[in-house]
Amino acid sequence: MELWEPAGSWIVAVVVGGLPRSPLGEATPGAGWPERCLPFSAAAVSSPAMQPVVVYLVAVFLGGALLAPWLHALAQVFAAVVPELADKPFHRYVNRSLLLLAVVGMVPLLRHLGIRSFATIGLGRGERMRRVGAGFLLGVASLGAVAVVALALGARTLRADLEGGYVLDKLLQAIATAATVAVLEEALFRGAFYGALRRSLPPLPALLASSAIYAIVHFLESAPHGGAVTWWSGLAIMPRMLAGFVDPDRLVPGFFNLLLAGILLAVAYARSGSLWLSIGIHAGWIFCLRLYRSVTVDVATPACVWCGSEKLIDGWLGLPALALALAAVLALPGTTRTGGRGLI
């Protein structure tokens, strides 16, 4: 145990050098530190700093499962007015219910964590455009390279009916989705979750734990629902959303690529002292994913089985792309919110 503390401190210094002091409080090595170093230890999960995060996650998933049948029933009432909404499969209602509660619940969560301003979670005004731009270019370069290689190797092919108007429409949709989702998710996973974990854990375990939460949430998949929709249908569908965790072909490398993506975003936040760099990277990824999905189609017999699906990040090609992007972030000089050398 005596060897772990200095070794762990050295690893943290290398990985998240120049880590900003969290406005939410910061765990420091000392008495009891080794016992708190595991990301999901009982002490960490039950700590006062983590309790709001745990309550938030339970409320989102349990509440979303219970809300979905009511939204589905409401859509059937207005089927004559919006038939396309009433015809949506039930799992879409579950997904939208989870998203709705996640967004609505962010406000009380951030307030409970003592976050009263955007600057508190790293959304200050300093160099935001430069950092968002640099991050966006890095995100597009990393997953864009995967998309180009996948197309070249025959994993997917371009749509035969591509037209200028269609491409422009999908391009604008991708930009809008990337901007919205990146800001919301970075504020939640890095600003709130990582900030709360830093109050209970040393830097590296906090970084890994927040990245694991990010990976788990994004690894959940849509599950079809058969039969009539009842009040417990959302609860029944939840276990099937975890099916990927018992499927080795999807777990490796899909889940671990998501974990690496979460680590990369957390390191970008930690080293830059703000969320703008991680928002840019995240937005670049979403932009590539949405556009790739819109302008390409599956092929009958994919020539590249390790290229992944339309998600890009679920194949082996994603691993070196994310690793290189992480290396690029680590190569940048760290900074702090209280001064120091700039990141970009």
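Conventions we followed
- Position numbers for residues start from 1 in each chain and track the written sequence from start to end.
- Residues qualify for local features only when their pLDDT is at least 70, as the model is predicted, and side-chain atom pairs are given and counted only at 80 or more; totals for whole chains, interfaces and linings, by contrast, use all residues.
- Side-chain metrics rest on all non-hydrogen atoms present in the structure, leaving aside hydrogens and water.
- What counts as a helix is a DSSP run of H or I of at least four residues, what counts as a strand is a run of E of at least two, and both are numbered from the N terminus.
- When a residue's accessible area, from a 1.4 Å probe over protein chains only, is under 20% of the maximum for its type it is buried; when over 50% it is exposed; and in between it is partly exposed.
- Here, residues are in contact when the closest pair of their heavy atoms is within 4.5 Å.
- Only the stretch in contact is used when fitting a helix axis, every axis being a line fitted to C-alpha atoms; angles between N-to-C directions are given from 0 to 180 degrees.
- Angles are sorted into four bins: roughly parallel if under 35 degrees, roughly antiparallel if over 145, roughly perpendicular if 65 to 115, and oblique for all others.
- Helix crossings fall into two classes, left-handed where the near helix is turned counterclockwise from the far one by less than a right angle and right-handed where it is turned clockwise.
- When residues are sorted by character, Ala, Val, Leu, Ile, Met, Phe, Trp, Tyr, Cys and Pro go into the nonpolar class, Asp, Glu, Lys and Arg into the charged class, and all the rest, Gly among them, into the polar class.
- For our purposes a nonpolar core is just a set of buried Ala, Val, Leu, Ile, Met, Phe, Trp, Tyr and Cys residues, chained together by side-chain atoms within 4.5 Å.
- One less than the residue count of a helix, multiplied by 1.5 Å, gives the span that helix is expected to have.
- To get the bend at a given residue, fit one axis to the seven residues ending there, fit another to the seven starting there, and take the angle between those axes.
- Here is the rule: rings of Phe, Tyr and Trp (six-membered ring for Trp) pair when centre to centre is within 6.5 Å. Planes less than 30 degrees apart are stacked, more than 60 are edge-to-face, and the remainder are tilted.
- In this scheme, Lys NZ or Arg CZ marks a charge over a ring once it lies within 6 Å of the ring centre and within 35 degrees of the ring normal.

A.B. asks: When you look at the overall build of the protein in this model, what are you seeing that I'm missing?
C.D. replies: The helix and strand inventory of the protein stands at twelve helices and two strands. For the protein, the α and β elements follow one another from N to C terminus as α-α-α-α-α-α-β-α-α-α-α-α-β-α. The buried share among the 344 residues of the protein stands at 44%. Long-range contacts, defined here as pairs at least 24 residues apart, represent 79% of the contacts in the protein between residues at least 6 apart.

A.B. asks: I would appreciate a short explanation of unusual backbone geometry in the present structure.
C.D. replies: Each neighbour pair has its own omega, and for Val252 with Pro253 the value is 5°, a cis peptide bond. One non-glycine residue, Leu312, lies in the positive phi region at around 70°. With respect to the helices, strands and loops of the structure, Leu312 is situated in the loop between β2 (296-298) and α12 (318-331). Residue classification places Leu312 among the buried positions, given a relative accessible area of 0%.

A.B. asks: Help me understand the packing of helix α6 (residues 128-152) against α12, please; the structure alone is not making it clear to me.
C.D. replies: Working note: a packed helix pair is described by the angle between its axes plus the distance between those axes. In contact at an axis separation of 9 Å, α6 and α12 are set at 160° when each is read in the N-to-C sense. In terms of axis orientation, α6 runs roughly antiparallel to α12. Viewed along their axes, α6 and α12 form a crossing whose handedness is right-handed. Across the interface between the two elements, Leu138, Ser142 and Val146 of α6 pack against Gly318, Ala321, Ala325, Ala328 and Val329 of α12. By residue class, the composition of the contact of α6 with α12 is six nonpolar, two polar and no charged.

A.B. asks: Even after reading the chapter, I still don't get the nonpolar core, so can you show me in this structure?
C.D. replies: Inside soluble globular proteins, nonpolar side chains tend to come together where they are buried. Tyr56, Val94, Phe193, Met241, Ile281 and Trp285 are the most contacted members of the largest nonpolar core, which totals 84 residues. Looking at this core, the elements that each hand over two or more residues are α3 (51-77), α5 (90-112), α6, α7 (164-197), α8 (203-219), α10 (248-272), α11 (276-295) and α12. Looking at which element gives the most residues to this core, the answer is α11, with 13 residues. Not counting residues within four places of it along the chain, the set of residues in contact with Tyr56 comprises Ala102, Gly105, Met106, Leu109, Leu188 and Phe193.

A.B. asks: What is the right way to read α5 from this model?
C.D. replies: Every α-helix winds through 3.6 residues per turn, so residues three or four apart in the chain are directed the same way. An ideal rise of 1.5 Å per residue puts 33 Å on 23 residues; α5 measures up with 33 Å between its terminal C-alpha atoms. At Met106, α5 shows its largest kink, close to 35°, and the proline Pro108 lies no more than four residues downstream. Those residues of α5 lying buried are Phe90, His91, Tyr93, Val94, Ser97, Leu98, Ala102, Gly105, Met106, Leu109 and Leu110. In this structure, the buried side of α5 is in contact with α3, α4 (83-86), α7 and α9 (233-237). Phi turns positive one or two residues past the end of α5, at Gly114, with a value near 85°.

A.B. asks: What am I meant to see in the packing of aromatic side chains here?
C.D. replies: Each aromatic ring pair is characterised by the separation of its centres together with the angle its planes make. A complete count under the given rule lists ten aromatic pairs for this structure. Between Phe136 and Phe287, the aromatic rings sit 5.7 Å apart at their centres with planes inclined by 55°, giving tilted as the arrangement. Here the residue Phe136 occupies a position in helix α6, and Phe287 occupies one in helix α11, the gap between them amounting to 151 residues. Each member of the aromatic cluster is reached from another via a ring pair, and the members are Tyr56, Phe189, Phe193 and Tyr214. In this arrangement the basic side chain of Arg190 is found over the ring face of Tyr214, its NZ or CZ atom lying 4.7 Å from the centre.

Worth remembering: the numbers are spatial, not functional.
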